[in-house]
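# Observations on chain architecture
Here are the chains, one letter per residue:
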Amino acid sequence: MVAAGRRLGFRTAPASWATDASAQALFLTSHFDALTPRWLGSSHRLGLAYMHGRPGTPGAPEFDAAFVALRHEARRFDRVQVTHAEMQELVVAAGVDPERVHRIPLGIDLEHFPLAGPDARSKARGTLGVPQSAFVVGSFQKDGVGWGEGLEPKLVKGPDVLVATLERLRGSIPELFVLLTGPARGYVRRELERLGVAYRHVTARSRAELARAYHALDVYVVASRQEGGPKAVLEALATGVPLVATRVGQTPDVVADGRTALLATVEDDAALAAAVERVRGDSALADALRRAGRDRAEAFALERLDPLWARLLDGFVERDSA
């Protein structure tokens with residue numbers, strides 16, 4: 001957002017001004033943080049990103065609390081960013097003026113997620129210790145509760161659905177191998193060990209290392225129940241990895257089922273497994289998804305979202321007089 005603002009000629013200030021100054025235009029990227037007395041009682045004009053959190057979600061009382069708080073303080077916010085239609089409807093239902101709600105999807109930094117070249121997969125697998133002959137399924141998102149080992153599943157991220165999908169695949173794909181990144185993956189790791197599914201969990205310390213992990217894959221799977229993005233959708237598309245995903249977050253807005261990705265209904269592990277098997281069994285389909293996916297990702301390059309950020313920032317933040 002800051003980079004877009006600077007490209008567009010809006011004035012930006014250090015984050016420290018949020019606490020060290022008064023009467024500024026303050027945009028908060030976490031609605032859970034924004035909807036607290038610390039900021040609601042401040043002198044700042046407020047904007048926030050409200051990307052996920054459906055009220056009534058089992059095991060997520062924080063989603064209910066945030067919605068109630070927004071409903072009580074709907075007029076306090078001058079700007080609200082959402083990434084997809086469900087959250088747009090939710091925020092408006094809470095009482096926020098529709099004119100103040102801006103639908104701006106997550107974008108992708110294409111420079112850091114290049115399309116895999118002809119030798120990229122072999123090199124990535126060699127570096128990461130992934131078998132060259134394996135059929136590699138990727139899952140790179142945090143899906144455990146907390147920031148520790150993550151043995152308790154964070155169900156909105158669908159780790160149980162992912163495991164059920166992989167359990168189905170282990171019988172039909174003898175060379176199945178799972179590549180994991182991200183913190184708090186203990187639940188998935190434990191379940192893969194129980195099932196006897198080969199896997200490797202690596203730590204990606206930079207976007208270059210994350211891109212290399214994508215380059216090692218045959219397919220990427222998103223099994224979530226709710227999402228704001230997820231970012232992995234565009235990252236997979238950009239790097240040329242066939243995508244299989246549930247219809248969550250901005251995913252249905254980004255991809256077309258059968259053309260740029262294969263989609264399944266939330267919690268339908270059978271459909272997710274069948275889609276992965278299609279990718280494995282149809283090389284022409286996999287190649288088409290790679291080509292179309294990269295083309296689609298380019299439409300969400302960060303700079304291409306500047307007009308949407310301009311509409312949000314105009315009248316909220318001062319333009320640079322220069």
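Attention in this report is confined to the structure presented alongside it. This one's a predicted model, so the numbers in the text were calculated from it and none came from an experiment. (Residues numbered from 1 in each chain as written. Predicted model: local features only at pLDDT ≥ 70, side-chain atom pairs only at ≥ 80, totals over all residues. Heavy atoms only, no water.)

Bringing the nonpolar core into the picture now. Ranked by size, the top nonpolar core spans 37 residues in total, and within it L179, Y214, Y220 and L243 carry the most contacts. Looking at this core, the elements with two or more residues in it are α7 (120-128), β6 (176-180), α10 (207-215), β8 (219-222), α11 (231-239) and β9 (243-246). Tallying contributions element by element places α11 first for this core, with 6 residues. Every residue in contact with L243, bar those within four places of it in the chain, is listed here: Y220, V222, V233, A236, L237, V255, A261 and L262. Core analysis: the next-biggest nonpolar cluster, separate from the first, contains 31 residues, V197, V219, V221 and V244 among them. (Core = buried A, V, L, I, M, F, W, Y, C linked by side-chain atoms within 4.5 Å. Buried < 20%, exposed > 50% of the residue type's maximum accessible area, 1.4 Å probe, protein only. Helix = DSSP H or I, 4+ residues; strand = E, 2+ residues; numbered from the N terminus. Contact = heavy atoms within 4.5 Å.)

Taken in spatial order, the 6 strands of this open sheet run β7-β6-β5-β8-β9-β10, and their pairing is parallel. Unpaired on one side and paired on the other, β7 (199-201) and β10 (262-264) mark the two borders of the sheet. Here the strands of the sheet are splayed against their neighbours by 20 degrees on average, with no regard to which way each runs. Helix α8 (residues 159-172) rests against β5 (135-139), β6 and β8 of the sheet, and its axis sits at about 155 degrees to β6. (Pairing = 2+ DSSP bridges. Axes fitted to C-alpha atoms, helices over the stretch in contact; angles between N-to-C directions.)

Of the two faces of β8, the one carrying V219 and V221 and the one carrying Y220 and V222 are both buried. Across 2 bridges, β5 lies against β8 in parallel orientation. Each residue of the ladder has a partner; that of V137, found in β8, is V219. As judged from the 3 bridges shared by β8 and β9, these two strands associate in the parallel manner. Paired with V221 across the bridge in β9 is V244. In this fold, the crossover linking β8 to β9 by way of α11 has right-handed handedness. (Right-handed = clockwise from strand over helix to strand, strands pointing away.)

This brings us to the environment of E227. Inspection of the secondary structure assignment puts E227 in the loop between β8 and α11. The class of E227 is buried, set by a relative accessible area of 6%. The spatial distance from the C-alpha of E227 to the C-alpha of K157 is 7.5 Å, given a sequence separation of 70 residues. At a separation of 2.8 Å, a polar atom in the side chain of E227 contacts the side chain of S224. (Polar contact = N/O pair within 3.5 Å; in protein donor to acceptor, adjacent residues only side chain to side chain.)

Another aspect to go through is the packing of aromatic side chains. Tallied over the full model, the rule gives 6 aromatic pairs. Here F113 and Y214 contribute two aromatic rings whose centre-to-centre distance is 6.3 Å and whose plane-to-plane angle is 75 degrees, an arrangement assigned as edge-to-face. Placement of F113 in the loop between β4 (101-103) and α7 and of Y214 in helix α10 is noted, with a sequence separation of 101 residues between them. The class of Y214 is buried, set by a relative accessible area of 0%. Taken together, a centroid distance of 5.5 Å and an interplanar angle of 40 degrees make the contact between Y214 and Y220 tilted. The burial state of Y214 is the same as that of Y220; both residues are buried. Taken together through their ring pairs, the aromatic side chains of F113, F140, Y214 and Y220 make up a single cluster. Stacked on the ring of W147, the Lys or Arg K142 has its end atom at 4.8 Å from the ring centre. (Phe/Tyr/Trp six-rings, centres within 6.5 Å; stacked < 30°, edge-to-face > 60°. Lys NZ or Arg CZ within 6 Å of the ring centre and 35° of its normal.)

Let's shift gears to the environment of L162. Following the sequence through the fold, L162 ends up in helix α8. For the pair L162 and D268, spaced 106 residues apart in sequence, the C-alpha to C-alpha distance is 9.9 Å. Setting aside its immediate chain neighbours within four residues, L162 contacts S139, D143, R185, V188, V221 and A223.

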